[in-house]
Every structure is written in C-alpha cells, then in structure tokens.
Amino acid sequence: MKINLPEAKSGGIPEGIYKGRFLAVESVPPNLEKGYKAALKFTFEVSEGEHAGRKVSRICGIANGPKAELPKLLMGLMGKTPEPGGVDLAPYVGKAYILTVSEKRVENVTPLS
C-alpha cells in the first residue's frame, strides 16, 4: 500500500533532524483576538544539506512549569537547567545545535559538541 504524505508546514522543510545554528529570540506580542498571550520566538538556520540556509522557528509561551515548553527549549539551548530569573541568551547565538523539526516547528534542540 502506498501512502502519500502531505508536505511539512515548518517553512517547507521536511520533518527530520538537521544541523543548524541558533540565530535569535524575539518577543511576540499577545494576540487578544485569538486569545494568545505574549510569547518568545526562537529562530534557527539549517546549516547543512539541501535545506542549508532555510530558517525554522519555535514560538513558546512565557511560562514555567512541568508542561511549559520554554524551560525545555532553554535547557536544550543552554545544555543545563535554567535558573529562575533572567537568562542571557546572547552567548548561545551562532552556536551549533542538532534541530529536531516536526510538521509545524522545531521540537527539540541539542548542543552540537
């Protein structure tokens, strides 16, 4: 049986694991019409393969807790559990990571040693 998969919606990059670099984090204002709270958008660039140069991102709500996405993403970027309070991400900009890309976003980041 042949199964046709729809094209991924992560900026046109198929689901998979890629080598990439962390480019930036920016604030995303709340969207009251859609009920979205303020968030942070993390942008990465694929650095190798046929999709080199393409950008992928992840938007995380600004929350902390067992189900929150932000602390998990920060842990992936930093390679350690973030301390409560302010986190300076400037030292991580430009660093290499393994990016796990799903249909709609970056799911996981792991420092590339």
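The structure under discussion appears in the preceding block.
Anyway, here's the lowdown on the structure attached to this text. Predicted, not measured: the structure shown is a model, and the values here were computed from it.

Rules used throughout
Residues numbered from 1 in each chain as written. Predicted model: local features only at pLDDT ≥ 70, side-chain atom pairs only at ≥ 80, totals over all residues. Heavy atoms only, no water. Pairing = 2+ DSSP bridges. Helix = DSSP H or I, 4+ residues; strand = E, 2+ residues; numbered from the N terminus. Axes fitted to C-alpha atoms, helices over the stretch in contact; angles between N-to-C directions. Contact = heavy atoms within 4.5 Å. Salt bridge = Lys/Arg side-chain N within 4 Å of Asp/Glu carboxyl O. Buried < 20%, exposed > 50% of the residue type's maximum accessible area, 1.4 Å probe, protein only.

1. Some words on the sheet that holds strand 2 (residues 39–46)
Pairing between sheet strands relies on hydrogen bonds along the backbone, with the strands arranged either parallel or antiparallel.
Next, step 1: Taking strand neighbours across the sheet as the criterion, the 5 strands line up as 3-2-1-4-5 in an open arrangement whose pairing is antiparallel. Two strands in the sheet have a free side with no partner beyond their single neighbour: strand 3 (55–61) and strand 5 (106–111). Each strand axis lies, on average, 40° off the axis of its neighbour in the sheet, ignoring direction.
Next, step 2: Taken together, the 6 bridges between strand 1 (residues 16–28) and strand 4 (residues 96–101) define a ladder with antiparallel strand orientation. Among the inter-strand pairings, Ile17 is bridged to a residue of strand 4, identified as Thr100.
Next, step 3: Helix 1 (residues 69–78) contacts strand 1, strand 2, strand 3, strand 4 and strand 5 of the sheet and is inclined by roughly 135° relative to strand 3.

2. Re the pattern of salt bridges
Between side chains of opposite charge, pairing is possible as soon as their charged atoms come close.
Next, step 1: For the coordinates displayed, the defined rule picks out 2 salt bridges.
Next, step 2: For Lys19, the salt bridge identified is with Glu48, shortest N-O distance 4.0 Å. Here the residue Lys19 occupies a position in strand 1, and Glu48 occupies one in the loop between strand 2 and strand 3, the gap between them amounting to 29 residues.
Next, step 3: Look at Glu48 and you get partly exposed, because its relative accessible area is 45%.
Next, step 4: Residue Arg58 pairs with Glu69 through a salt bridge whose shortest N-O separation is 2.9 Å. With Arg58 in strand 3 and Glu69 in helix 1, this pair connects stretches of sequence that are 11 residues apart.
Next, step 5: Exposure remark for Glu69: the relative accessible area of 28% places this residue in the partly exposed category.

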